[in-house]
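Read off the chains here:
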Amino acid sequence: GLVAAARGDVGRAGGAYVVPVVGEGVVFNAPNDGALVRNWLLTFLPGLNNNDIEQYSMSLIDMGFYSVETFGVITPAELGFMKVAHRRVVEHRLNGIHPN
């Protein structure tokens, strides 16, 4: 799953984040948590470009959304940093509506 995908990724260079991430009994330190967040974003927006992935990932991590547990409690109010179209797609998918 998403946690397994994060295990093989070195994440952000320089280790800018030091927030520990716990998922399925495995603790991830900063560079690895970025991979988990990026993979979560790409499940909603598979065509997202690298600049948006990086910006959105950093915003989510800065707000504390960096684990499987925290992804489950994201609400539309926390997605204000996204471009309007991206935010609407994620909001619809979080609500179980899959746009064509």
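Because the structure is predicted, anything quoted here is derived from the model rather than measured.

1. Considering the overall build of the protein
Looking only at helices and strands, the protein has 5 helices and 2 strands in total. Order of helices (α) and strands (β) in the protein, N terminus to C terminus: α-β-β-α-α-α-α. Burial statistics for the protein: of 100 residues in total, 36% are counted as buried. Summarising the internal contacts of the protein: among those between residues at least 6 apart in sequence, 50% fall at separations of at least 24. Accessible surface, the protein: about 5,500 Å² in total, of which carbon and sulfur atoms supply 55%.

2. Notes on helix α3 (residues 50-62)
Helix length check: α3, at 13 residues, gives a terminal C-alpha distance of 18 Å against a target of 18 Å (1.5 Å per residue), a fit within 8%. Those residues of α3 that sit buried are Asp52, Ile53, Tyr56, Ser57, Ser59, Leu60 and Ile61. Where α3 begins, the capping side chain belongs to Asn49, and its oxygen is found 3.0 Å from the backbone nitrogen of Asn51. One or two residues past the end of α3 sits Gly64, with phi positive at roughly 95°.

3. Some points on the packing of aromatic side chains
Going through the model one piece at a time under the given rule, you end up with 3 aromatic pairs. Aromatic ring contacts, followed pair by pair, group Trp40, Phe44 and Phe71 into a single cluster.

4. What about the nonpolar core?
Ranked by size, the top nonpolar core spans 18 residues in total, and within it Val37, Trp40, Leu41, Leu60, Ile74 and Val90 carry the most contacts. When contributions to this core are tallied by element, the ones reaching two or more residues are α2 (30-44) and α3. Of the residues forming this core, the biggest block, 5 residues, is contributed by α2. Discounting chain neighbours no more than four positions away, the residues touching Ile74 are Trp40, Leu60, Phe65, Leu79 and Leu94.

5. Quick notes on the confidence of the model for the protein
When pLDDT is averaged along the protein, the result is 74, and 64% of the positions lie at 70 or above. Confidence, expressed as mean pLDDT per element, reaches its minimum in the protein at helix α1 (residues 2-7) with 37 and its maximum at α3 with 94.

Thresholds, definitions, all that
- Residues numbered from 1 in each chain as written.
- Predicted model: local features only at pLDDT ≥ 70, side-chain atom pairs only at ≥ 80, totals over all residues.
- Heavy atoms only, no water.
- Helix = DSSP H or I, 4+ residues; strand = E, 2+ residues; numbered from the N terminus.
- Buried < 20%, exposed > 50% of the residue type's maximum accessible area, 1.4 Å probe, protein only.
- Contact = heavy atoms within 4.5 Å.
- Areas by Shrake-Rupley, 256 points an atom, 1.4 Å probe, with all protein chains shown as cover.
- Expected span 1.5 Å × (residues − 1).
- Polar contact = N/O pair within 3.5 Å; in protein donor to acceptor, adjacent residues only side chain to side chain.
- Phe/Tyr/Trp six-rings, centres within 6.5 Å; stacked < 30°, edge-to-face > 60°.
- Core = buried A, V, L, I, M, F, W, Y, C linked by side-chain atoms within 4.5 Å.
- pLDDT = per-residue confidence, 0-100.

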